[in-house]
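Architecture and fold: a report
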Amino acid sequence: MVSVCALSSCIKEATPTSIATQPQVTLETMVRGIPAALVQVGSAGYASQGQAWDFGLPAIHIATESMTGDLVVTGNTGYDWFAQFGTNTALGSEYAVCTLTWDTYYRWIMMANDVIRLISGTDVSELSATEQAYLGFAYTYRAMFYLDLVRLYEPKPVTGVDGYTVPESILGLGVPVVLPETTEAQAKNNPRAKVDDIYNNVIIPDLDRAEELLASYNAPDKYTVSLAYVYGLKARVYLERGTSFADAGDASSSADAFAQAADYARRAINTSRCTPLTQSQWEDPVNGFNSAASNNSWIWALAIPSESVSNLFNFTAHMSTENSWSAYGYDVGRAINRNLYNSININDFRKHSWLDPDRAFYDYQSCRPDGDTYFANSLSDYANIKFRPAQGNYVESNVGGAADHCCMRVEEMYFIEAEAAAHANLQEGIRLLNTFMNSYRMTNGAEYDCSVRSTSLESFTNELMLQKRIEFWGEGIVMFDMKRLNISTRRGYVGTNAPASYRLNTDGRAPWWNFVISRGEVQNNPAVANQNNPDPSDCVDPWQG
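Procedures and definitions
- Residues numbered from 1 in each chain as written.
- Predicted model: local features only at pLDDT ≥ 70, side-chain atom pairs only at ≥ 80, totals over all residues.
- Heavy atoms only, no water.
- Helix = DSSP H or I, 4+ residues; strand = E, 2+ residues; numbered from the N terminus.
- Rg over C-alpha atoms; globule rule 2.2 N^0.38 Å.
- Buried < 20%, exposed > 50% of the residue type's maximum accessible area, 1.4 Å probe, protein only.
- Contact = heavy atoms within 4.5 Å.
- Areas by Shrake-Rupley, 256 points an atom, 1.4 Å probe, with all protein chains shown as cover.
- Lys, Arg positive; Asp, Glu negative; His and termini not counted.
- Charge placed at Lys NZ, Arg CZ, Asp CG, Glu CD.
- 1 Å grid on protein atoms, 1.4 Å probe; cavity = no way out; pocket = protein on both sides within 12 Å on 5 of 7 lines; lining within 4 Å.
- Points joined across faces, edges and corners; volume = space filled by probe spheres on them.
- Nonpolar A, V, L, I, M, F, W, Y, C, P; charged D, E, K, R; others polar.
- Core = buried A, V, L, I, M, F, W, Y, C linked by side-chain atoms within 4.5 Å.
- Axes fitted to C-alpha atoms, helices over the stretch in contact; angles between N-to-C directions.
- Parallel < 35°, antiparallel > 145°, perpendicular 65-115°, else oblique.
- Left-handed = near helix turned anticlockwise from the far one by under 90°.
- pLDDT = per-residue confidence, 0-100.
- Polar contact = N/O pair within 3.5 Å; in protein donor to acceptor, adjacent residues only side chain to side chain.
- Salt bridge = Lys/Arg side-chain N within 4 Å of Asp/Glu carboxyl O.
- Expected span 1.5 Å × (residues − 1).

1. Considerations on the overall build of the protein
Scanning the protein for helices and strands turns up 20 helices and six strands. In terms of C-alpha radius of gyration, the protein reaches 22 Å, essentially the compact-globule figure of 24 Å for 545 residues. Dimensions along the principal axes, computed over C-alpha positions, put the protein at roughly 65 × 55 × 45 Å. For the protein, the residues scored as buried account for 61% of the 545 residues in total. Intrachain contacts of the protein at a sequence separation of at least 6 include 71% that bridge at least 24 residues. About 19900 Å² of surface is accessible on the protein, with carbon and sulfur atoms providing 46% of the total. One way to put it: in the protein the 39 positive side-chain charges average out to a point 1 Å from where the 61 negative ones average out.

Okay, structure coming up:
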């Protein structure tokens, strides 16, 4: 059995190139510290300088959403702390925003490695049930972190953008791999590993180990890693692999990966026993998208304690338009792209998440007593009311900002299952998407049928992605899919509701989805100096009309 006293020896710091000494802490503290770190203000080291984008994974989700084109700013752009991501400016290695993803993910990997280092050397049969669960958590976290890093940094080809070309020499590269046994000398000469190697040697083995360790573990709440979450991550992994193999012309491997994606998505659905959000849960003005306990949809979430909430450094301050403590919410006015809104069926209750130009379109509910006049007079058309202040408290930042943050809900598994199944049988994919929409999203007896728009696998995938973009707007999910599937982004068109500097259009994937390695890593780890992704900043001119 492993001692509860943790290591007092050297451990890896946030970036792959540094070493630090950590005082003794308990194993439980180490494990619980990982999800706490995911929502920690100052994770990238810039919160003390007033950079209000520095608050961990929820901030990363806002950043990736800002890069899709589906999210637009309708108010004061000067208050948009995520403008660099939304306008593709200052995203090169010398800018601080690069640390938001690079430094934070490697800091979290270090924490997972510490737990694995402490426990993994012991025979599993000698570990207590609790220790086995902790080890399973650590492997799950590490797989999640590397999966996100690979999807962010793998340089996918971009076409049709003058001045931006991905060098052939870096195609297929992921990120440097840091494991518990990595020495300081190795970390300072650690080139980017191949994407295939990271999946085959780290991500998939970690999830296999987690699956075995958590096979009989019952998570007590939605804030604790569960077997269903492991299955959900595997579904994401194999969906990504299936597309990559297909792009490479490897039909056999692609078919096998898509089959596994569908299988693990269904396992996540069945094991979690979760059910999609109902209309009342989705539109709840008090608990809408802010409470893991208020629904049976969320598979895994992060809790943000009220005592750690800063008035600006939290997801709600930036994404909720009803709070009154932060101008970033209502004055910036994060809204849906007008064209995307107009594509939503009038009988689909998800359309109620954004304010129609005709406020009489729906009886919108607000946590504010002045909701009707506030929506009519203070918010722009298409502004979102999807993300509500915690407990409906729009006045006190330490209460309203302490919203649970969803990292996976069961609806994603339905979409993965349908997309993956369609690669083997298009009609089965159509059936699954139709069943989901008609069972969980359509109202007034209306029927959804995508058959006419799904005459080929490509057209079906486009339709599925349209519904997925609507479903997960603002949640940090769809940029990965858009990059994977080479989907265009378009904010510039006649009648757009996006500000001039945000009106970026691409034919196919956007250059800024290939994230750039931070300057600190380039300086400390010369092995990546000639392997960095090209700086995408300002490579696409805003649409002028």
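Back to the text.
2. Focus: the layout of surface pockets
Volume-wise, the largest pocket comes out at about 970 Å³. When residues of the lining of the largest pocket are assigned to their parent elements, the largest contribution, seven residues, is made by helix H18 (residues 457-471). When grouped by side-chain class, the residues that make up the lining of the largest pocket number 20 nonpolar, ten polar and eleven charged. Approximately 560 Å³ is the volume found for the second largest pocket. Lining the second largest pocket are 28 residues, and of these Arg-32, Pro-35, Ala-36, Tyr-223 and Ala-303 lie nearest its centre. Looking at the lining of the second largest pocket, the element that brings in the most residues is helix H1 (residues 27-38), giving four residues. Here the residues of the lining of the second largest pocket sort into 21 nonpolar, five polar and two charged.

3. Quick notes on the nonpolar core
Counting 170 residues, the largest nonpolar core has Leu-57, Trp-108, Phe-145, Tyr-146, Ile-203, Trp-300 and Met-413 as its most contacted members. Of all the elements, helix H5 (residues 129-153) adds the most residues to this core, at 16 residues.

4. Examining the environment of Leu-457
Within the secondary structure layout, Leu-457 lies in helix H18. Looking at Leu-457, the relative accessible area reads 31%, which means it is partly exposed. With 69 residues separating them along the chain, Leu-457 and Pro-526 place their C-alpha atoms 43 Å apart. What Leu-457 contacts, discounting residues up to four positions off in sequence, is Ala-422, His-423 and Leu-426.

5. Some thoughts on the packing of H1 against helix H4 (residues 98-119)
At a minimum axis separation of 9 Å, H1 and H4 run at an interaxial angle of 160°. Our classification of the angle between H1 and H4 gives roughly antiparallel. In terms of crossing hand, the pair formed by H1 and H4 is left-handed. Contacts between H1 and H4 involve Leu-27, Met-30, Val-31, Gly-33, Ile-34, Ala-37 and Leu-38 from the first element and Trp-108, Met-111, Ala-112, Asp-114, Val-115, Leu-118 and Ile-119 from the second.

6. What to know about the confidence of the model for the protein
Across the protein, the average pLDDT comes to 94, with 96% of residues at or above 70. Looking across the protein, the model is least confident in strand E1 (residues 10-12), with a mean pLDDT of 29, and most confident in helix H16 (residues 410-422), with 99. Within the model, pLDDT remains below 50 along residues 1-15, and this stretch shows 54 contacts once partners closer than five positions in the same chain are excluded.

7. Topic: empty space enclosed by the protein
Following the criterion strictly, the structure yields nine cavities of 30 Å³ or more and no others. When residues in the lining of the largest cavity are grouped by element, the largest group, four residues, is from helix H8 (residues 227-247). Along the lines of polarity and charge, the residues of the lining of the largest cavity split into eight nonpolar, two polar and nine charged. Of the volumes computed, that of the second largest cavity is approximately 150 Å³. Along the wall of the second largest cavity there are 14 residues; nearest its centre are Phe-289, Phe-315, Phe-387, Asp-404 and His-405. Counting residues per element, the ones that place at least two in the lining of the second largest cavity are helix H11 (315-319) and strand E6 (405-409).

8. What about the side chain of Thr-68?
You can see Thr-68 is positioned in the loop between helix H2 (57-66) and strand E3 (71-73). Within polar-contact distance, the side chain of Thr-68 engages the backbone oxygen of Glu-65 at 2.8 Å. Ignoring sequence-local partners within four residues, the contact set of Thr-68 consists of Val-478, Met-479, Met-482, Thr-489, Arg-491 and Trp-513.

9. A few points about the packing of H18 against helix H19 (residues 478-485)
Contact geometry for H18 and H19: axes closest at 10 Å, N-to-C directions at 160°. Taken together, H18 and H19 sit at an angle that is classed as roughly antiparallel. Between H18 and H19 lies a crossing whose hand is left-handed. Within the contact between the two elements, H18 uses Thr-461, Met-465, Lys-468 and Arg-469 and H19 uses Val-478, Asp-481, Met-482 and Leu-485. Residue composition of the contact of H18 with H19, by class: four nonpolar, one polar and three charged.

10. Re the pattern of salt bridges
Side chains carrying opposite charge are able to pair once their charged atoms draw close together. Inspection of the entire model under this criterion finds 33 salt bridges. As a salt-bridge pair, Glu-412 and Arg-236 come within 2.8 Å of each other at their nearest N and O atoms. Of the two residues, Glu-412 sits in helix H16 while Arg-236 sits in helix H8, which places them 176 residues apart along the sequence. Note on accessibility: Glu-412 and Arg-236 belong to one class, buried. Taking the shortest distance from any N to any O, the salt bridge between Arg-266 and Glu-417 comes out at 2.8 Å. Here Arg-266 is found in helix H9 (residues 251-272), whereas its partner Glu-417 is found in helix H16, with 151 residues between them in sequence.

11. Structural notes on H18
With 15 residues, H18 extends 21 Å from end C-alpha to end C-alpha; this agrees with the ideal 21 Å at 1.5 Å per step. When you tally the buried positions in H18, you get twelve out of 15 residues, the bulk of the element. Buried residues of H18: Ser-459, Phe-460, Thr-461, Glu-463, Leu-464, Met-465, Leu-466, Gln-467, Lys-468, Arg-469, Ile-470 and Glu-471, and no others.

12. Quick notes on the side chain of Arg-368
The residue Arg-368 is located in the loop between helix H13 (338-342) and helix H14 (371-377) in this model. Arg-368 sits in the buried class, given a relative accessible area of 12%. Within the structure, the side chain of Arg-368 is placed 2.9 Å from the backbone oxygen of Glu-322, a separation counted as a polar contact. A distance of 3.1 Å separates a polar atom in the side chain of Arg-368 from a polar atom in the side chain of Asp-370.

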